[in-house]
Amino acid sequence: TGSMLNSNISPGSTVTMNKKFDPEEEGAYYCSVKAPGAVGTQRVYTDKSRKVAVQQKFQKADNLEKILPRLLQAWKRDLQSKEPLSWMKATAAVVLYWTGARVGSNATGMASKKGVEGFGILNLRIRHIKFTTTSVILEYAGKKGMHQKHILPMNDAAHKLVAKHLK
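Quick summary incoming for the structure in this document. Nothing here was measured: the structure is a model prediction, and the numbers come from that model.

## Some words on the overall build of the protein
1) Next: When helices and strands are counted, the protein shows 4 helices and 6 strands.
2) Next: When the helices and strands of the protein are listed from N to C terminus, the series reads β-β-β-α-α-α-β-β-β-α.
3) Next: Over its C-alpha atoms the protein spans a radius of gyration of 21 Å, topping by over 25% the 15 Å that the globule rule assigns to 167 residues.
4) Next: Considering only C-alpha atoms, the protein reaches an extent of 60 × 40 × 25 Å along its principal axes.
5) Next: Long-range contacts, defined here as pairs at least 24 residues apart, represent 35% of the contacts in the protein between residues at least 6 apart.
6) Next: As displayed, the protein has an accessible area near 11,800 Å², and 54% of this comes from carbon and sulfur atoms.

Following this line, the structure appears as structure tokens:
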């Protein structure tokens, strides 16, 4: 198509063209590549599609900023719910918001296939959560095994509810 690609393709790679790629829209990936000795495949996009994706990402962030106050109110309300599904989702959402931590992925992700154990907020284990009289400490190996530590002070009603739910 004459479009610049945003990635190099290693010699000897297996390249599979995306049959759904439309050069007019460029919204989908251009091709997938599996380099020699690689565990998985990598999708290759055009420079134009990457620029569009970045613009869309920032637009989503701007939209989120507008609705965030309403989300926070809903999460705090749901923390008080008697329905386990409601307070569990609210607990996860609030912890993600407070810490800025990664969501996490399942145990069959690429990092686990490479032998690197990594966690996010949604797949923490009991061993990652410690309680003190004044705070909750989340300590775990994050993406690529990087050490993560978050201290949640129990200084208001919402923090105390989160601590109760985590316990």
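## Quick look at the side chain of S135
1) Next: Within the secondary structure layout, S135 lies in strand β5 (residues 135–141).
2) Next: Apart from the residues within four sequence positions on either side, S135 is in contact with K130, I151, L152, P153 and M154.

## A look at a nonpolar patch on the surface
1) Next: A contiguous nonpolar surface patch, about 240 Å² in accessible area, is contributed by I9, V15 and M17.
2) Next: The residue V15 is located in strand β1 (residues 14–17) in this model.
3) Next: We classify V15 as partly exposed; its relative accessible area is 39%.

## As for helix α1 (residues 47–79)
1) Next: I67 marks the point of greatest bend in α1, at about 55 degrees, and the proline P69 comes within the next four residues.
2) Next: Those residues of α1 that fall on the buried side of the exposure criterion are S49, L68, A74, W75 and L79.
3) Next: Looking at the buried side of α1, the elements it contacts are α2 (84–99) and α4 (157–166).

## Side note on the layout of surface pockets
1) Next: In this structure, the second largest pocket occupies an estimated 390 Å³ of space.
2) Next: Considering the residues around the second largest pocket, the lining is formed by 17 residues, among which T91, I121, I129, H165 and L166 are closest to the centre.
3) Next: Elements represented by at least two residues in the lining of the second largest pocket include exactly α2, β4 (129–131) and α4.
4) Next: Of the residues forming the lining of the second largest pocket, the biggest block, 5 residues, is contributed by α2.
5) Next: A per-class count over the lining of the second largest pocket returns 12 nonpolar, 3 polar and 2 charged.

## Some details on the nonpolar core
1) Next: Of all hydrophobic cores here, the largest spans 20 residues; its most connected members are L79, I121, L138 and Y140.
2) Next: For this core, the secondary structure elements donating two or more residues are α1, α2, β5 and α4.
3) Next: If one sorts the elements of this core by residue count, α2 sits on top with 5 residues.
4) Next: The next biggest cluster of nonpolar side chains, apart from the first, holds 5 residues, and it includes F21, C31, V33 and V44.

## Details of the sheet that holds strand β3 (residues 42–44)
1) Next: Pairing is antiparallel in the open sheet, where 3 strands are placed in the order β1-β2-β3. A single partner strand is all that each edge strand has here, and the edge strands are β1 and β3. Ignoring strand direction, the axes of neighbouring strands in this sheet form an average angle of 25 degrees.
2) Next: Sheet analysis places β1 next to strand β2 (residues 31–34), joined by 4 bridges and oriented antiparallel. Looking across to β2, one finds that T16 is bridged to S32.

## A short note on the pattern of salt bridges
Where charged atoms of side chains with opposite charge meet at close range, the side chains can pair.
1) Next: In total, this model carries 2 salt bridges according to the counting rule given.
2) Next: One salt bridge connects R77 with D78, and the closest N-O pair in it is separated by 3.6 Å.
3) Next: On the accessibility criterion, R77 (54% relative accessible area) is exposed.
4) Next: Here D78 falls in the partly exposed class, since its relative accessible area comes to 23%.

The rules behind these values
- Residues numbered from 1 in each chain as written.
- Predicted model: local features only at pLDDT ≥ 70, side-chain atom pairs only at ≥ 80, totals over all residues.
- Heavy atoms only, no water.
- Helix = DSSP H or I, 4+ residues; strand = E, 2+ residues; numbered from the N terminus.
- Rg over C-alpha atoms; globule rule 2.2 N^0.38 Å.
- Contact = heavy atoms within 4.5 Å.
- Areas by Shrake-Rupley, 256 points an atom, 1.4 Å probe, with all protein chains shown as cover.
- Patch = residues over 30% accessible without salt bridge, like charges linked within 9 Å, V, L, I, M, F, W, Y side chains within 5 Å.
- Salt bridge = Lys/Arg side-chain N within 4 Å of Asp/Glu carboxyl O.
- Buried < 20%, exposed > 50% of the residue type's maximum accessible area, 1.4 Å probe, protein only.
- Bend = angle between axes of the 7 residues up to and from the residue.
- 1 Å grid on protein atoms, 1.4 Å probe; cavity = no way out; pocket = protein on both sides within 12 Å on 5 of 7 lines; lining within 4 Å.
- Points joined across faces, edges and corners; volume = space filled by probe spheres on them.
- Nonpolar A, V, L, I, M, F, W, Y, C, P; charged D, E, K, R; others polar.
- Core = buried A, V, L, I, M, F, W, Y, C linked by side-chain atoms within 4.5 Å.
- Pairing = 2+ DSSP bridges.
- Axes fitted to C-alpha atoms, helices over the stretch in contact; angles between N-to-C directions.

On their own, these measurements won't tell you what the molecule is for.
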